[in-house]
Amino acid sequence: MRSPYELTTEIFEPISQFWNDHRTERSISGALVIIFLASLAGIELKRLGLLPPSLAGFVPEHHFAAVNVAFTLVLILEVLGLIFILPCSFSKAMGKQFEILSLILLRNSFKELINLPEPLHLTMDWTPLTHIISDGVGALIIFGLLGVYGALPQPKLKLARSGYGRYAFIASKKMVALVLLGIFTVLGGKALWQGLTQHHTFDFFDTFYTVLVFADILLVLLSQRFIPGYMAVFRNSGYALATLGIRLALAAPPYYNTLLGVGSALYAVALTWTFGKMAEKSPPEGSKA
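Within any chain, residue numbers begin from 1 and follow the written order of that chain's sequence. Selection of residues for local features in this predicted model requires a pLDDT of at least 70, selection of side-chain atom pairs for listing and counting requires 80 or more, and totals for whole chains, interfaces and linings are taken over all residues. As a rule here, side-chain values cover all heavy atoms of the structure and leave hydrogens and water aside.

Asker: How should I be thinking about the overall build of the protein chain in this particular structure?
Answerer: For the purposes of this entry, the term helix denotes a DSSP run of H or I that reaches at least four residues, the term strand denotes a run of E that reaches at least two, and both are numbered from the N terminus. When helices and strands are tallied, the protein chain shows 10 helices and zero strands. What you see in the protein chain, going N to C, is helices and strands ordered as α-α-α-α-α-α-α-α-α-α. With the C-alpha coordinates aligned to their principal axes, the bounding extent of the protein chain is approximately 65 × 45 × 30 Å. Within the protein chain, buried positions represent 43% of all 289 residues. We call two residues contacting when some pair of their heavy atoms lies within 4.5 Å. The long-range share in the protein chain, meaning contacts at least 24 apart out of those at least 6 apart in sequence, stands at 78%. Accessible surface for the protein chain amounts to roughly 15,400 Å². Of this, 70% is attributable to carbon and sulfur atoms. Exposure classes here rest on a 1.4 Å probe applied to the protein chains alone. A residue is buried below 20% of its type maximum, exposed above 50%, and partly exposed in between. Note on areas: these come from Shrake-Rupley sampling with a 1.4 Å probe, and a residue is covered only by the protein chains present in the view.

What follows is the structure, encoded as structure tokens:
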């Protein structure tokens, strides 16, 4: 009888391979272009009064709303990518989370354009402009910190067991990824339904990042079984704390969201650098978490 680890791997691997296939990437990229152009066309038809009333209620009136649609879809794809990266390593997953945060800040900048008149020009109310600058600068700083984070060495951690133990640890992380994929699907379906019925009661990314906080803590507990030792537990717990910082940034008002996001990225960089320096004193063996 096959173990839960084997069943998990058999389910996860085909989905992951399909997602990472270059043909899938090309198809998704093409779909994004079509959806963006269709959104622009639908908005223009509504402004001209050519849409039937049954459709006009679902279509916004500002052209830059189409940019928000496009960025939201890109973010959804990035979140899916995060789920499939999760079994690889804590460090890669952490970097992916900050990539998503930087894109969310950029999306927030473009969302502010809806508060400006068309054609675009400044009004006496400079609030949208300051929000655009704040989120844009925050995204740029996080982008730069990601470069620093990626250049830092990632010391390998010694596993408690080799062979099957290592396989079981990776399979355990795949279990968590599959659960996250299921939650992602449920939340995405709920958000889509509420969007169609115009009854918005929650923010998809805020809610999913809350789930990620619990998932990271669960991964910390799983890693303690296979990667014993204070340093490994501290590093992985620190990454979970950085995820909490991202979640708080998503819920914070303008300006504070940038400070929290940049602060969380700085914390992750400092944690990785400090861990690397401490690990140099005792050269590790085995495989990366």
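Asker: Looking at this structure, how should I read the layout of surface pockets?
Answerer: It is a probe the size of a water molecule, rolled over the atoms, that shows where empty space is left. Definitions used throughout: a 1 Å grid over protein atoms alone; a cavity as a set of points that fits a 1.4 Å probe which cannot get out; a pocket as an open set with protein on both sides within 12 Å along at least five of seven lines; a lining residue as one with an atom within 4 Å of a point. Grid points are joined across faces, edges and corners, and a volume is the space filled by probe spheres set on the points. Taken as a whole, the second largest pocket spans an internal volume of roughly 320 Å³. Surrounding the second largest pocket, 14 residues form its lining, W19, E25, L77, E78 and G81 being those nearest its centre. Looking at the lining of the second largest pocket, the elements with two or more residues in it are α1 (4-20), α2 (22-47) and α4 (65-85). When residues of the lining of the second largest pocket are assigned to their parent elements, the largest contribution, six residues, is made by α4. Residues are grouped as follows: Ala, Val, Leu, Ile, Met, Phe, Trp, Tyr, Cys and Pro are nonpolar; Asp, Glu, Lys and Arg are charged; every other residue, Gly included, is polar. Looking at the lining of the second largest pocket residue by residue, the classes come out as eight nonpolar, three polar and three charged.

Asker: How do you make sense of empty space enclosed by the protein when you look at a structure like this?
Answerer: Overall, the coordinates contain two cavities of 30 Å³ or more when judged by the stated rule. In this structure, the largest cavity is lined by L86, S89, F90, A93, M94, Q97, K173, D216, L219, Y239 and T243. Elements with a contribution of two residues or more to the lining of the largest cavity: α5 (90-111), α8 (204-226) and α9 (230-251). Looking at the lining of the largest cavity, the element that brings in the most residues is α5, giving four residues. Across the lining of the largest cavity, the residue classes tally to six nonpolar, three polar and two charged. The calculated volume of the second largest cavity comes to roughly 40 Å³. The wall of the second largest cavity is formed by F98, I142, L145, L146, Y149, A265, A268 and V269.

Asker: Hey, could you run me through the environment of G261 in this one?
Answerer: Within the secondary structure layout, G261 lies in helix α10 (residues 256-280). According to the relative accessible area criterion, G261 is buried, its value standing at 0%. Not counting the four nearest positions on each side in its chain, G261 is found in contact with F98, L101, I142 and A249.

Asker: In this structure, what is going on with the side chain of S172? I would like to understand it.
Answerer: Structurally, the position occupied by S172 is in helix α7 (residues 164-197). Assessed through its relative accessible area of 6%, S172 is described here as buried.

Asker: Just checking my understanding: could you explain the nonpolar core for this structure?
Answerer: Note that soluble globular proteins tend to have their nonpolar side chains buried in a common cluster. Definition of nonpolar core: a set of buried residues of the types Ala, Val, Leu, Ile, Met, Phe, Trp, Tyr and Cys, connected through side-chain atoms within 4.5 Å. Counting 53 residues, the largest nonpolar core has M94, F98, L180 and F208 as its most contacted members. Elements that contribute at least two residues to this core include exactly α1, α4, α5, α6 (127-151), α7, α8, α9 and α10. With near-sequence residues (within four places) excluded, F98 lies in contact with I142, L146, A242, I246, G261, S264, A265 and A268. If you look at the next biggest cluster of nonpolar residues, it comprises six residues, including I43, L51, V59 and A66.

Asker: What am I meant to see in the pattern of salt bridges here?
Answerer: Note that side chains of opposite charge can pair when their charged atoms are close. Salt bridges are identified by distance alone: a Lys or Arg side-chain nitrogen within 4 Å of an Asp or Glu carboxyl oxygen. Inspection of every chain in the model, using the stated rule, returns four salt bridges. For E13, the salt bridge identified is with K174, shortest N-O distance 2.5 Å. Taken together, the residues E13 in helix α1 and K174 in helix α7 connect sequence positions 161 residues apart. We classify E13 as partly exposed; its relative accessible area is 26%.

Asker: Would you take a moment to explain the environment of L271 for this structure?
Answerer: Topologically, L271 is positioned in helix α10. On the basis of relative accessibility, which here comes to 8%, the residue L271 falls in the buried class. Spatially, the C-alpha atoms of L271 and L244 are 15 Å apart, while their sequence positions differ by 27 residues. If sequence neighbours within four positions are ignored, L271 has contacts with F234, R235, G238 and Y239.

Asker: Quick question: what am I supposed to make of the packing of aromatic side chains here?
Answerer: What describes a pair of aromatic rings is the distance from one ring centre to the other and the angle between the planes of the rings. Whether two aromatic rings pair depends on their centres lying within 6.5 Å, for rings of Phe, Tyr and Trp, where Trp uses its six-membered ring; planes under 30 degrees apart make the pair stacked, over 60 edge-to-face, and the rest tilted. One pass over the structure, following the stated rule, counts eight aromatic pairs. Of the aromatic side chains, those joined through ring pairs into one cluster are F184, F204, F205 and F208. Only Lys NZ and Arg CZ are tested; either one counts as a charge over a ring when it is within 6 Å of the ring centre and within 35 degrees of the ring normal. Positioned over the ring face of F275 is R235, at 5.4 Å from the centre of the ring.

Asker: I would appreciate a short explanation of the confidence of the model for the protein chain in the present structure.
Answerer: For any part of a model where pLDDT is low, the fine detail of the predicted coordinates should not be relied upon. Per residue, pLDDT captures the predictor's confidence, and it can take any value from 0 to 100. Model confidence for the protein chain is summarised by a mean pLDDT of 86, while 92% of its residues fall at 70 or above. When the criterion is pLDDT under 50, residues 284-289 qualifies, and its contacts beyond four places in sequence or with other chains add up to 28 contacts.

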